Amino acid sequence: MAIRRLSYRLDEEPDTGAVRLIPAPAGPQEQEKEQTLESPELTAFVLAVGHRQGLSRSRLPDGAGLLCHTVAGPPGSTPAGHRVDVAYADGTDELPLSLPLGDVAPEGLVVFARAHAPRVEPFLADVRRLFDERAGRQIVIAESAPETVACWVALACASLPDGYAASLTFSTWTAQPRRAPQQILGIGPDADFDRFDGPTLDHFYRVHDGLGGQGSTPIPDPWAEVTARQWIEGTPPEPPCEGDDPFALTRPTLDMRQLAALSDDTRRDVVRAHAAAVAQEDAGSPLVDELYGLCRALGAEDPEAAEPLALALVRHYVAVAEQQGTLPDLAACRRLPLDADAWQRLCGDFGSRADDTLRRGLHQPIGAWTEPLRLVLALGVDAGRGLDKATERLANALLNPGRRACAEAVEVLEALGHTGLNRQVLSLLGGGLTEGKLGKLRDFANSPQGEWLRRRVEAGEAPLVLRLAEAGARFQRQPHCLRGARLFAALVELVPGRKVTDPVTLKRLWRIVWGGKQPDPTDLAELARTCPTRLFVEAGHVVPLAVLLRSPERVDHDLVQFARDLRATGQLTALQRATAELLMTSYEFADGHLSLRTAVERLRVQSEQASPLGAVLKEGTGAWVGRGFALAAPVELCHRPALDFLMSTGQDVLRPYREMFLDEGAWERRFRELPGRPADVAAFYNIWRPRHGHPVTKEWQRVADELLTRVLAPVVPYLDAWTLGEVATEIARQPHGRGSQRVQEWNAWRSRQAGAQGPPRPGSGPGHIPGHGPGHCR
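Residues numbered from 1 in each chain as written. Predicted model: local features only at pLDDT ≥ 70, side-chain atom pairs only at ≥ 80, totals over all residues. Heavy atoms only, no water.

Secondary structure summary: the chain contains 38 helices and nine strands in total. Here the chain, with 778 residues, has 49% of them falling under the buried criterion. Long-range pairs, those at least 24 residues apart, make up 66% of the contacts in the chain between residues at least 6 apart in sequence. (Helix = DSSP H or I, 4+ residues; strand = E, 2+ residues; numbered from the N terminus. Buried < 20%, exposed > 50% of the residue type's maximum accessible area, 1.4 Å probe, protein only. Contact = heavy atoms within 4.5 Å.)

For the rest of this paragraph, the subject is the nonpolar core. Of all hydrophobic cores here, the largest spans 150 residues; its most connected members are Leu373, Leu398 and Trp452. With nine residues, the single largest contributor to this core is helix H12 (residues 303-323). When sequence neighbours within four positions are dropped, the list of residues in contact with leucine 398 reads Cys406, Ala409, Val410, Leu413, Val425, Leu429, Phe444 and Trp452. Within the second largest apolar cluster, 55 residues are counted, among which are Val600, Phe671, Tyr685 and Val711. (Core = buried A, V, L, I, M, F, W, Y, C linked by side-chain atoms within 4.5 Å.)

This part covers helix H18 (residues 435-446). Taking 1.5 Å of rise per residue, 12 residues should cover 16 Å, and H18 covers 17 Å from first to last C-alpha, within 8% of that figure. Buried within H18 are the following residues: Lys437, Leu438, Gly439, Leu441, Phe444 and Ala445. In this structure, the buried residues of H18 make contact with helix H15 (385-398), helix H16 (404-416), helix H17 (419-430), helix H19 (450-458), helix H20 (464-476) and helix H22 (503-514). (Expected span 1.5 Å × (residues − 1).)

Once that is clear, we can look at the pairing of strand S4 (residues 65-71). Look at any regular strand and the pattern is simple: side chains alternate between the two faces of the sheet. Of all seven residues in S4, five are buried, a share of seventy percent or more. By the bridge criterion, seven bridges tie S4 to strand S5 (residues 83-89) in an arrangement that is antiparallel. Note on S5: the bridge partner recorded for leucine 66 is tyrosine 88. (Pairing = 2+ DSSP bridges.)

Counted by the stated rule, this structure contains 32 salt bridges. Arginine 658 is the salt-bridge partner of glutamate 706, the closest N and O atoms lying 2.6 Å from each other. Of this pair, glutamate 706 sits in helix H36 (residues 698-712) while arginine 658 sits in helix H33 (residues 651-662), placing them 48 residues apart in sequence. Salt-bridge contacts for arginine 677 lead to glutamate 673; the nearest nitrogen and oxygen are separated by 3.5 Å. Given a relative accessible area of 41%, arginine 677 falls into the partly exposed group. Residues joined in a network through salt bridges with shared partners are Glu414, Glu451, Arg454, Arg455 and Glu458. (Salt bridge = Lys/Arg side-chain N within 4 Å of Asp/Glu carboxyl O.)

It is worth spelling out the packing of H18 against H22 at this point. One way to put it is that H18 packs onto H22 with a least axis distance of 9 Å and a crossing angle of 50°. Accordingly, the angle class assigned to the pair H18 and H22 is oblique. As for how H18 packs across H22, the hand of that crossing is right-handed. Residue-level inspection shows Glu435, Leu438, Gly439 and Arg442 of H18 in contact with H22, the latter providing Arg508, Arg511, Ile512, Val513 and Trp514. (Axes fitted to C-alpha atoms, helices over the stretch in contact; angles between N-to-C directions. Parallel < 35°, antiparallel > 145°, perpendicular 65-115°, else oblique. Left-handed = near helix turned anticlockwise from the far one by under 90°.)

Looking now at the environment of alanine 113. Along the polypeptide, alanine 113 turns up in helix H3 (residues 106-115). Judged by its relative accessible area of 0%, alanine 113 falls in the buried class. Spatially, the C-alpha atom of alanine 113 lies 9.3 Å from that of cysteine 151, the residues being 38 residues apart in sequence. The residues touching alanine 113, leaving out its near neighbours within four places in the chain, are Val120, Trp231 and Ile232.

Alternating residues of strand S9 (residues 206-209) divide into Arg206 and His208 and Val207 and Asp209, and every residue in both groups is buried. Sheet analysis places strand S6 (residues 139-142) next to S9, joined by four bridges and oriented parallel. Across the sheet, residue valine 140 finds its bridge partner in S9, namely valine 207.

Take the side chain of asparagine 422 next. With respect to the element layout, asparagine 422 can be found in helix H17. Classification of asparagine 422 as buried rests on a relative accessible area of 4%. Setting aside anything within four residues of it in sequence, one finds asparagine 422 in contact with Leu413, Trp452, Arg456 and Glu461.

Turning to the confidence of the model for the chain, a few remarks are in order. Averaged over every residue, the pLDDT of the chain is 82; residues scoring 70 or more account for 86%. In this model, residues 763-778 is a region of pLDDT below 50 whose contacts with residues beyond four sequence positions or in other chains number 35 contacts. (pLDDT = per-residue confidence, 0-100.)

With the exception of glycine, most residues fall at negative phi, and the peptide bonds are largely trans. For the peptide bond that leads from serine 611 to proline 612, omega is 0°, which places it in the cis range. Residue proline 641 follows arginine 640 across a cis peptide bond; omega there is 5°. Within the fold, proline 641 resides in the loop between helix H31 (634-637) and helix H32 (642-648). Positive phi outside glycine occurs at arginine 498, with the angle close to 55°.

Turning our attention to the packing of aromatic side chains. Evaluation of the coordinates by the stated rule reveals 22 aromatic pairs. Measuring from ring centre to ring centre gives 4.9 Å for phenylalanine 131 and tyrosine 164, while their planes differ by 65°; the resulting arrangement is edge-to-face. Taken together, the residues span a long stretch of sequence, with phenylalanine 131 in helix H4 (residues 117-132) and tyrosine 164 in helix H6 (residues 162-167) at a distance of 33 residues. Using a relative accessible area of 24% as the deciding quantity, one classes phenylalanine 131 as partly exposed. Considering the side-chain rings of phenylalanine 661 and phenylalanine 684, the 5.6 Å spacing of their centres and the 90° angle between planes classify their relative orientation as edge-to-face. (Phe/Tyr/Trp six-rings, centres within 6.5 Å; stacked < 30°, edge-to-face > 60°.)

As structure tokens, then:
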């Protein structure tokens, strides 16, 4: 590149007053540099820019560059006394700035930018448009001194790459800007230019008015905003690297405080630009660390603006790890400002790749799965072929305690400590429970690896069946040492509501406590009290419990309901079914729900079919049967076969039958009521009168004689003549014939009782009953 330096003075023609260029006299050291202008066009150009004191740079029609520096003459001299220094470069824009601009240091420009802060960003936005748009409008800067315009030009050059700055054309002072060809034009108050003309401001020039005018409307520009903020903050922008977009926002040259000062749109543009730059950085780049800190700080203030940078940092981190053949630890990335949607997008980018990596490594021992699983879980992958298969194998390994795979599975789960993975494994353990799987689950809970299950139970992560399995194992150990029905009852306490309400839970409890075995007979009674019988029936455990029908601890309403439920299953033996039916009939007879005839018909058959009965069962059913006979209407009981059945029973029925009549309250009631019920008096006599032969037993003879003496005899003295006559009539009508003989026997018995000394009775004996007195039979 050839640069020629020329020096002229402006002189006036004496006659015409026209200004012309005259080569300045050279000093002793500049003799060799004297030259004249080579063409009239160049002369005219220099004259045009040399009429005002200041600096200009122009492009000539032939592509050359021209730099003119006009220096004022002595005070009071005319422009013709000015001196013009010219630098001329052939065919290039690479013309160095002259000394006045080159000497403006960055520190001075920082001071200048701060002093003119509101105007810096709009000015730089227009400077960019000179290069960003092919038809960028000329910039007019109105100031009171060319030196101020020179500072604006210097600020523009310092903000641009060297190549752009060298191609920028300007004039720091011109009287006729409409005729000036430069890109940046400096004018003063006396310039031939209307700074207030609307179309001029809006369509022809970009005007920046430092003389009190409003200037052109500012145009938003992210690069200009960022660059202006850097100058004002005292951190001049660094020139971009060779080949980079000079206006790209790719360098993290703003700290958090500076970012916060930017407009929302520009801040987002800056962050997106930084995000794009992250992908170009290598592993260990200090820029990435710097951006990481910036991203976290920005995320605390504006998470939405920081998100693109956060995503880029995570992608860079994962990509570097993949290139190095390692698995990234994304714990640090979790601290970046990423919401759930952003993590979901990351899963879309990396989740499937991480899941594939995991799947390909599942042929290795379980202990090698930790890091691949960690990455998949860190990326938030909810489902995938690799993760699903790994989770399934972990659960299966836990169901085989004693094998190395079980221990390794626990080690992996402990190392990861991931609640979501734990829940998935626990869900598989507690799902699809067959009897075989329940047995394996019980074995796992009893194994050393069952400690992992205990901690999951304490953390509230395990489903009910696993809580029961863990508790079952724990309750069998010291200090509880529970077994059988006691263990079963303890586990029932852990069921919601402390009550089993469904057969599925019952079956699981049964398997946890007894495995594939049956409960001990000693456990059955206590076990039957823990749950309704219907649940044992629905759970398919009726057969072991049916033993209770033949050997119950006690006979009560619950046993009857138990018998009713068991009988409905159709799974009882003939002996068990007869026993269940005997219990049901005895209870319903005592409760008044069966007629005497029906009850006797059933009891006769069922007693024979269920025989022999154990002591508890015999005594219990006998008590109900005896109560039923005692509460039966005496007139009905006089008829066979009911009376024959009663007279043939043993002490298990006769004892409660006797006690029902000798109870003091019952005796008092009958003592008051019988004098007015001749038919009942006759019936009781016929039932209890002395008998011999089949089917009368000695036990019945004793009971009948006692009841006749202690219950009926005390009433007879209070029967009047009419009542006695009615009693005799009823006795004569009693079945079995020989009515007159029975009346004679009645009269004889009554006479004997009258001669007796005070009829025996419960309590202190009957008192006088008003309205009743002794009488005689007709």
